[in-house]
Structure formats: C-alpha cells, structure tokens
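Residue-level structure breakdown
Residues per chain are reported as follows:
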There are 2 protein chains.
Amino acid sequence: MAALNERKKRILQAVVAGYIQTADPVGSRTIARTCRIGLSSATIRNEMADLEEMGYLSQPHTSAGRIPSQKGYRYYVDNLMTPGNLPEEEASAINHSLNINKMREIEQIIINAARVLSYTTSYTSMIMGPQYKKSTFRQMRILPLDEKKGLVVLVTDSGFIKNKVIDLHQSLSPVELQQVVTYLNQKLFGLTIDQVTTSLINELKRDLFRRMEILEQAFILLEESLKEEQQVRVFLGGTTNILNQPEFKNVDKIKRMLALFEQESLLFNILEKNLSAEGVIVQIGSENPVEEIQECTLITAAYKINNKTLGTVGVLGPTRMNYARIIGIVRFLVDKLSDSLS
Amino acid sequence: MAALNERKKRILQAVVAGYIQTADPVGSRTIARTCRIGLSSATIRNEMADLEEMGYLSQPHTSAGRIPSQKGYRYYVDNLMTPGNLPEEEASAINHSLNINKMREIEQIIINAARVLSYTTSYTSMIMGPQYKKSTFRQMRILPLDEKKGLVVLVTDSGFIKNKVIDLHQSLSPVELQQVVTYLNQKLFGLTIDQVTTSLINELKRDLFRRMEILEQAFILLEESLKEEQQVRVFLGGTTNILNQPEFKNVDKIKRMLALFEQESLLFNILEKNLSAEGVIVQIGSENPVEEIQECTLITAAYKINNKTLGTVGVLGPTRMNYARIIGIVRFLVDKLSDSLS
DNA sequence: GTTAGCACTCTAAAGCCATGAGTGCTAACC
DNA sequence: GGTTAGCACTCATGGCTTTAGAGTGCTAAC
C-alpha cells in the first residue's frame, strides 16, 4: 500500500472527523475553513481526488462532498487515531454501575454493564454471558424438595450456579443419593464443563452400576443439566440507540437490524468469534463476517473471570463511528467488568 | 347508550372487519359490494353518517372512507364479535412449544410461550414472569463453597428457585450455620415472600441472638436475597412484529414503541394492573393507562401456578387488531401455560 | 505547485397538476 | 317514509417540473 504523505493524511483525517460528526459528506471548502491547513479549497480538491482514486474516499454522487470508504476508516483507525481517555465522569459512571452491590449475581452485573455501555456510547451494546462450559466443575448437590422431587445445584469456579428441579426415582434412598453425589463430586472436580462428555458420563454410569444398582434417573439429570445449558445468553443494551443514527432512517433497515437483535444465537456467533483475540478488535463494514451488520462497525473485547477468558463485550454502531472514543470506553469497561466478576 | 338497530350493527361490523383486514378506510361502495346486505351505497352512506355522529366511526379526512373509532371497537368487542376457536395446527404448535421437555425451568417455558405467542399472533407478546414475592417460602439451604463463601438456595412452592453467593462470616461454624438454617426454615415455612418483612426478620434476629451470639451476616443474606428480587422480569416476544403493521411506518413511532419495550419496569406495571382480573381483558387505545400504548390494543390474561395467580400474559398490537382471533389465542395459551407451570 | 474562476452536475425541496376514491346532498322513485 | 341514482365537491396521493444550493473538475493565471 502506497504510504500517504503528510498532507493527504491530514486531509483524510479531516474528512473522517468531519463525517463522524455531521454525517454529511465533507466538501473541500469546509476543510479549508475548519482545519487551519493553510491551503485553498482547490488544492484540497486535488488531494481529495487523489485519495478517492486510491480508494480511501468516495463520493455518494458527483456534486457531493467526500465520505470515507471502508479502507479510509481502516487507515484512520490503524494510523491516524489515538484512542481517547475517558472523561472522569464517564469512568466513574461505569465504575459505579458495576459496583453498586458486591453481592450481585453475574447476570445482574452483565445486564448493568450492557446498559451503561450503551448509555455512554449512544450505540447498541452486546455482551456475551460467561461461557458456562469453559468454566470448571466445582461441586454438585441434590436437595430433596419433597418425596418426589429434588433440586440439583451445580457450582463452577467462575461463580456460575445452575439449578434444576428433577424427579427423584423412588427407589433411591437419601443415603444412597448422598453416596452418588459424593462420588460424582470426586470424579468431576476440576474438569471443565466441556470435558464432561456423554462418554465420560456413560463410563461413570457403568462404574457406579457395579457398586449399586439404582440411579438411572440420577444420571439423566446430570446429563440434562450439563448439556442443555449450552446456549449462552447475549445481553443487549440500547437496541434503539442505533436507530437515532441518521443512516437508519429508513424503515426497512431498522427492521432488518432489529430482527438481527432477536436472533440470540447469531449474536452469539458474532461475539464468540472474537473471544480468543487479545485487546480491542475493530471490525469495519464488510470486514464483518455476518451480512446483516456489514454497514456497521463492531468493536469488541473479551473479558476474563479469574484470568479465564469467558465472554465478549461489543459495541455496534454505524461505520461512521467515533472510533477513538468508543475504543477507549470498551477497553475501560472490559477491564472493570473483569474485575467485578472475578 | 342508544342501542344500534340491526342494520347499523351489520354496517359497523362490516367496517371493523374490513378495516382490520386492509388497514384502509372502508367506503360505502365497498360494503355494498362485499357483504350481501342488499342496500345501495347511498343508503349505507346515510347509515355511516349516523354512526359517525354517534361516535362509532370516524373519517381521517372528508373524502376518505370510515374507520372505527375507539368506541366502535369497544362496541364490536362487546357485542358483535365471537371469539374464535384455534385452528388445530396453531393449538398443537402452542402445545408443542410448551411441552418439549418437562424438566425445563420456569424461565425457559415462559420464554418459549412468549415466542410462540408472538409468532402465532404476529403481534408483540409480553409475559410477566411469576411473581416471586407472592409465592410461599418452602425451604432454605446454605451450601459452603469454600472457607469464605457459601451459596444460599431458597425454594418456594411455585418452583421458584433463587440462589445467591454470600460471604460467610468466619466465626460461624458449620454446625452453627446448620442450626440457624434449621431455625429459619421452621419459622418461615408457609409464609409468602411478601410476608417476610424487615420487621419479621428483625424479630427473628433478636430471638436468635438470645440463643447464640453470632450471625449478623447470616441475616444480611436473608434480607438481601429476599428483598432485592422484587423486580419481576418481563419477557418479550416478536418486538419487531409490531413494526410490520402499516400504522408503524413512521420512524418516530417505531422509536417510541421500542423505547417502551426497553423499560422493563413500565411493562411490568402495565401487566401487573391486570393481574387480579378474571378472564381475558381487552384494553383499547386510551382505555390504556400508559400513554405510550394509547394507539394500541392490549389483550391480557393472568396465568396460575398451582391455582395461585402469579403472572400475566399480554399481546400488544394496533387498535386495528383481529380481536376474535387474538382473544382466542390468549385464552388458549394462558390455560396451557398454567398447566405447564403447575 | 497553488489558486481563482467558472461552467457543470446532481440532490433535495417546493410547487403544480391530474387522478381517483369517497363523500354529502338533492331529487326522483317505490 | 325509506331508498336510490346522479352529480358536484373535497382531498390525499403520486408523478412531474422547477429552483436553489452545494460541490466538483478543469483551465488559466500566479
């Protein structure tokens, strides 16, 4: 890629900055006036024509100003922009909303995070709930509720708690039940939920059958309670924020966007792709694998619980996005969220 | 209210039916043609003028057909309409989606119900999750997780399970802890969560202090875990469905509507108002106390868990709604949901 | 290499007209 | 008296033209 000279950089920068602010194509005269570049509009016009030829800018129609192309945004993000520091008040708003009550459950913390993230960015936020199956088994209990029912409680190291009401097989006495539970706890301790496969369960089942001759039911519950929880939830915030952007003033686009927000599994896929990457990721327009958001930019970062990467935070806005600001916010929030959840 | 003669009823019925179907104002000629009423358009025009004067119909502008007014819809719902029976396939779709897996948690069942409800109606559905505080305390357990943390599990009669991680005060030995828990279970059994007030808790606290001198922390947990859960969740389905209605083709309305959907507490208030009523309730336009939905109709009904009314199901659509059909669906779903959750 | 000037392009908003659906009224009809 | 045919009138809608304004590209002068 041909490097841009200093002047072209400044002009590209000016176009991006201007377009981010106003959402209107930026003309040469505007640039000449606003940023003290010491050049006439005609000169700037020439440079802009060059930039367009190189693919950094484009024109919606002949007699309009220029807008950054995807390549232009990419160059801006990679070379021209410096991520902003958060203003004091925003930082403390984020801190506040994650720390109200130390006793809060994971889910509540995440819901709050999604809310504050969409609020401060004015875009739509999405946070992937912690990946249950990547966390490790800590213990399992069965509480008898009455003669016919029991409550299974399953605890993992990331503080994930899963419970499920099950039918207790009548032939299982409390003592036997306790034995089964103890055995399972021994065997499963320290494994990730991922590792508790059907084959492992079958193995344990055979092993146990040899010792006592009951408990079909006890296993079904284990399988169920582990397996079914595979779908991780995605929490959204400010789904309507994105509608305030001028690029979404036609009803069809709005519908397509909102329809996307209802497809939790698709959102999950989007976020999950960036789970293992380090730092803040910026995906501009068609860099995004999912078609529905190829007119948008997605900024994501992964959070950790007890040093284990378990989920992803994202902000979705138009490609005409305030990159510097949003990157700063996402970086900050992801750190705080990791602290809060650990 | 002056009673309508037979002919006026038929015409009102025809206008409502026509407008529900097409969303276009209904003209006199259309009625003369479609419903074999044996009258010329001129006669129908006269009758329509009467109906307009009485307030049952209105005209968007002089040269348009008539549309039902709110009063017109109300008359239609009260006197002209007969709620429809569900087609076999819809009924079985509902049945199916509530029964996939008997072991499912309450939340999953409700999410499914919201989904199937919005799908079959093509409107937006909202279901208020079961009211935790109206259900009665069954038992409480504390599971030690490690030296510093414990898990409180609280079970109610409607199958509601609430858990919370707490810090265990170091001075509390396992045996003592067990004693506290046993004592609390005795005292609280059979009370509704509502009845577990702060003053009752304080009383118990004083009582226990006399017997042993520990456990500040144990009480904090109880208070927290009971109190904080007051906000009941509302589950939505098909939030974008309502955008397909022609009355929502302007972006501002869409935004206001969607903003409403993000305010869970407001939705809760809306649904909670109809919690204690019997049967299916139809609220048309401004009959609705909440301003944001005064251009809509809300059809609600309450569901029961073990014969206790604990939540409400609702369908939100334009006032131009297929009342007969939707009322039938809501009635059916609420019955099935009550069965499923009991 | 830079800039002033000018003709040209193209969108968005405003105004205009034709169309057609539907009405209200009147006079004739049964 | 109720019903109907006929007709003039109203008004939203969509297509068309016009205008204004912003911005460009090019050329010629600096």
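Residues numbered from 1 in each chain as written. Chains lettered and ligands numbered in written order. Predicted model: local features only at pLDDT ≥ 70, side-chain atom pairs only at ≥ 80, totals over all residues. Heavy atoms only, no water.

Moving on to helix H1 (residues 6–22) of chain B. In an α-helix, one turn spans 3.6 residues, which is why side chains three or four residues apart end up on the same side. Residues and elements named next belong to chain B. Here H1 is 17 residues long and its end C-alpha atoms lie 24 Å apart, about the 24 Å a rise of 1.5 Å per residue gives. Buried within H1 are the following residues: Lys-8, Ile-11, Leu-12, Ala-14, Val-15, Val-16, Tyr-19 and Ile-20. Structurally, H1 contributes buried residues whose contacts are with helix H2 (28–34), helix H3 (41–54), strand S1 (57–58), strand S2 (67–68), helix H4 (70–80) and helix H12 (323–341). Directly beyond the C-terminal end of H1, a positive phi value near 70° is found at Ala-23. (Helix = DSSP H or I, 4+ residues; strand = E, 2+ residues; numbered from the N terminus. Expected span 1.5 Å × (residues − 1). Buried < 20%, exposed > 50% of the residue type's maximum accessible area, 1.4 Å probe, protein only. Contact = heavy atoms within 4.5 Å.)

Surveying the vicinity of DNA strand C reveals 20 residues, the closest of which are Arg7(A), Thr43(A), Thr62(A), Ser63(A) and Ser28(B). By atom count, sugar and phosphate contribute 75% of the portion of DNA strand C lying within 4 Å of the protein. Ser40(A) has a polar backbone atom sitting 3.0 Å from a phosphate oxygen of DNA strand C. Between DNA strand C and the protein, one listed contact pairs a base oxygen with a side-chain N or O atom of Arg45(A) at 3.3 Å. Looking at the surface near DNA strand C, the elements with two or more residues in it are helix H3 (41–54) of chain A together with H3 of chain B. By residue class, the composition of the surface near DNA strand C is 4 nonpolar, 12 polar and 4 charged. (Near = heavy atom within 4 Å. Polar contact = N/O pair within 3.5 Å; in protein donor to acceptor, adjacent residues only side chain to side chain. Nonpolar A, V, L, I, M, F, W, Y, C, P; charged D, E, K, R; others polar.)

What follows deals with the interface of chain B and chain A. Accessible area lost when the parts come together is the quantity often used to give the size of an interface. Counting residues at the interface gives 40 residues for chain B, matched by 39 residues for chain A. Regarding the contact of chain B and chain A, the summed buried area is about 3400 Å², with carbon and sulfur atoms giving 55% of it. Counting every contact that joins chain B to chain A gives 2 salt bridges. A salt bridge links Glu107(A) to Arg233(B); the shortest N-O distance between them is 3.7 Å. Of all the secondary-structure elements, those providing two or more residues to the side of chain B that touches chain A are helix H6 (106–121), strand S4 (137–144), strand S5 (149–156), strand S6 (161–167), helix H9 (216–227) and helix H10 (251–262) of chain B. Of the residues forming the side of chain B that touches chain A, the biggest block, 7 residues, is contributed by S6(B). Residue composition of the side of chain B that touches chain A, by class: 15 nonpolar, 10 polar and 15 charged. (Buried area = accessible area lost by both parts, 1.4 Å probe. Salt bridge = Lys/Arg side-chain N within 4 Å of Asp/Glu carboxyl O.)

In this section: the protein's contact with DNA strand D. Lining the immediate surroundings of DNA strand D are 20 residues, of which Ser28(A), Arg7(B), Thr43(B), Thr62(B) and Ser63(B) lie closest. A share of 76% is what sugar and phosphate atoms reach among the atoms of DNA strand D within 4 Å of the protein. Interatomic distance of 3.1 Å between a backbone N/O atom of Ser40(B) and a phosphate oxygen of DNA strand D. Thr43(B) places a polar side-chain atom, nitrogen or oxygen, 2.4 Å from a phosphate oxygen of DNA strand D.

Using the criterion set out here, one finds 22 salt bridges over all chains in the structure. Residues Glu247(B) and Arg320(B) are paired through a salt bridge, measuring 2.8 Å at the closest nitrogen-oxygen approach. Residue Glu247(B) is found in the loop between strand S7 (234–237) and H10, and its partner Arg320(B) is found in the loop between strand S10 (308–318) and H12; the two are separated by 73 residues along the sequence. The class of Arg320(B) is buried, set by a relative accessible area of 4%. A cluster of three or more residues bridged by salt bridges with shared partners is formed by Arg7(A), Lys8(A), Glu47(A) and Asp50(A).

Residue and element names in this part refer to chain B. What the 5 strands build is an open sheet, ordered S7-S3-S10-S9-S8; its pairing is antiparallel. The strands lining the two open edges of the sheet, one partner per strand, are S7 and strand S8 (281–284). Strand after strand, the sheet turns through a mean of 20° between neighbouring axes, direction not considered. Here strand S9 (residues 296–305) runs beside S10; their pairing, made up of 10 bridges, is antiparallel. Note on S10: the bridge partner recorded for Cys-296 is Pro-318. (Pairing = 2+ DSSP bridges. Axes fitted to C-alpha atoms, helices over the stretch in contact; angles between N-to-C directions.)

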